[in-house]
Each structure stands twice: as C-alpha cells, then as structure tokens.
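Fold and geometry: a report
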Amino acid sequence: MRHILTSFLALHWALVFALLAFICVDGNRGVAGALGVLGVVVENTRLTDLDNAAVVAPLAIALLVVAVLFCWVFVESLVNAAASPDGADSVARTAFISASAVLSLILIGGAARGINGLFLVVAVQLAALLASYVAMLAERRSVFAVVVSREAESRATAHAMAKGAAHGSLLSRISGRPDIGPSGRRGGSSRRDGH
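Residues numbered from 1 in each chain as written. Predicted model: local features only at pLDDT ≥ 70, side-chain atom pairs only at ≥ 80, totals over all residues. Heavy atoms only, no water.

For the structure shown, the criterion picks out four aromatic pairs. Relative to Phe17, the ring of Trp13 lies with its centre 6.1 Å away and its plane at 40°, an arrangement referred to as tilted. Here Trp13 and its partner Phe17 are both found in helix α1 (residues 4-25), four residues apart, which amounts to about one turn of the helix. With centroids separated by 6.0 Å and ring planes inclined at 10°, the aromatic side chains of Phe17 and Phe70 adopt a geometry described as stacked. Of this pair, Phe17 sits in helix α1 while Phe70 sits in helix α4 (residues 53-79), and the two are 53 residues apart along the sequence. Residue classification places Phe70 among the buried positions, given a relative accessible area of 0%. Three or more aromatic residues joined by ring pairs make a cluster, and in this case those are Trp13, Phe17, Phe70, Phe96 and Tyr133. (Phe/Tyr/Trp six-rings, centres within 6.5 Å; stacked < 30°, edge-to-face > 60°. Helix = DSSP H or I, 4+ residues; strand = E, 2+ residues; numbered from the N terminus. Buried < 20%, exposed > 50% of the residue type's maximum accessible area, 1.4 Å probe, protein only.)

Shown next, in the form of structure tokens:
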C-alpha cells in the first residue's frame, strides 16, 4: 500500500522550508521576507540587523537542510516504506525534530532582536508540524495493521487446510481405506517396516 498522506505532507513541508530558504538568500527580501511569509511583520528599523550575512547564511542553510530531510521522507514514502518501515520512521522523526529545532531557533533569535508577534506564529507552525507527524504515524500504523491482519488471515487459512488434510488422512487410516490426496493418488508408502 502507498503512503499517500505521508507523501503529501512530506512534499508540503519540503516545499515550505525550501521556499523559506530561498526567500532568506534573496537579496531583496532576506530574513524579513521569510518571516513575512510566516506571518510576522518586521518593522523597517530592524531590517538592517536581519540582513547581516552572519544571520542569513546559517538560517538559510538550516532551512535548506530541513527541506532536504523532508524530500528524503517523500522519497522513502514512495520507494521503501513497505520494505523498511523502521527506516522511513527514523527519517521522518529526524526531519520533524530538525524542523522544530529550526523554528525554535527562529523564535529565540527573533525574541532576542525584539521582534513582536513571533511566538504565536511559531507556535502555530509547531502545532502544524506536530499534527503532520501524528497523521503520518497514524497512516503508517494503519497500513501496518492491514498487512499484519492479511498475514494472520493467510496463516489461519493455511493452518485450517493443514488441519483438514491431517484429519482426512487420520479418518482414512482408521477406516482402512487408502489415503487419497488432492491429486487423486494414494498417499503414504506401501512399504512397511523397511520391506
């Protein structure tokens, strides 16, 4: 089964963080533009502090790393989700932890520079990340439950068939009739005691 919701959410967050990284390195907008995309209005007096290369470069790199991690989650959900669910879970966990860390650093850095309204915006983004992670986990668990129930059903069917064959063989031995298998041949060996 394909992980449709996981693929969609991973692609969504990859595009969001890639867009934020692109806006950060854009000379016309910079960090203030990225914060504007998130919903924070930065006053003109604080723009000079945010356009410093010591602020822009690490933030853009961190946002780009998170975007790459979510791209990795997207590829894992398309290619290896059924074969290696633990690997896909660890990549998704790493991506969400990294995204939360970057948003927390934006909050701390913005609060240190006196940017108002950043707490609510970051809190909403963190809540959206948490909801996305829970939705991904729920989808993975439901897919895993379907696979396990199918395997259990096939094992139960095989067990019932083996039990029925053993019962039929036992009844034919008790009655003294030859054991006839599904192919129409006599079952067992006609030789006894090694003769």
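Before going further, it helps to spend a moment on the confidence of the model for the chain. In the predicted model, the chain carries a mean pLDDT of 76, and 68% of its residues have values of at least 70. Per-residue pLDDT, averaged within each element of the chain, yields its smallest value for helix α3 (residues 47-50) (52) and its largest for α1 (89). Counting contacts from residues 188-195, a segment whose pLDDT is below 50, to residues more than four positions away or on other chains yields zero contacts. (pLDDT = per-residue confidence, 0-100. Contact = heavy atoms within 4.5 Å.)

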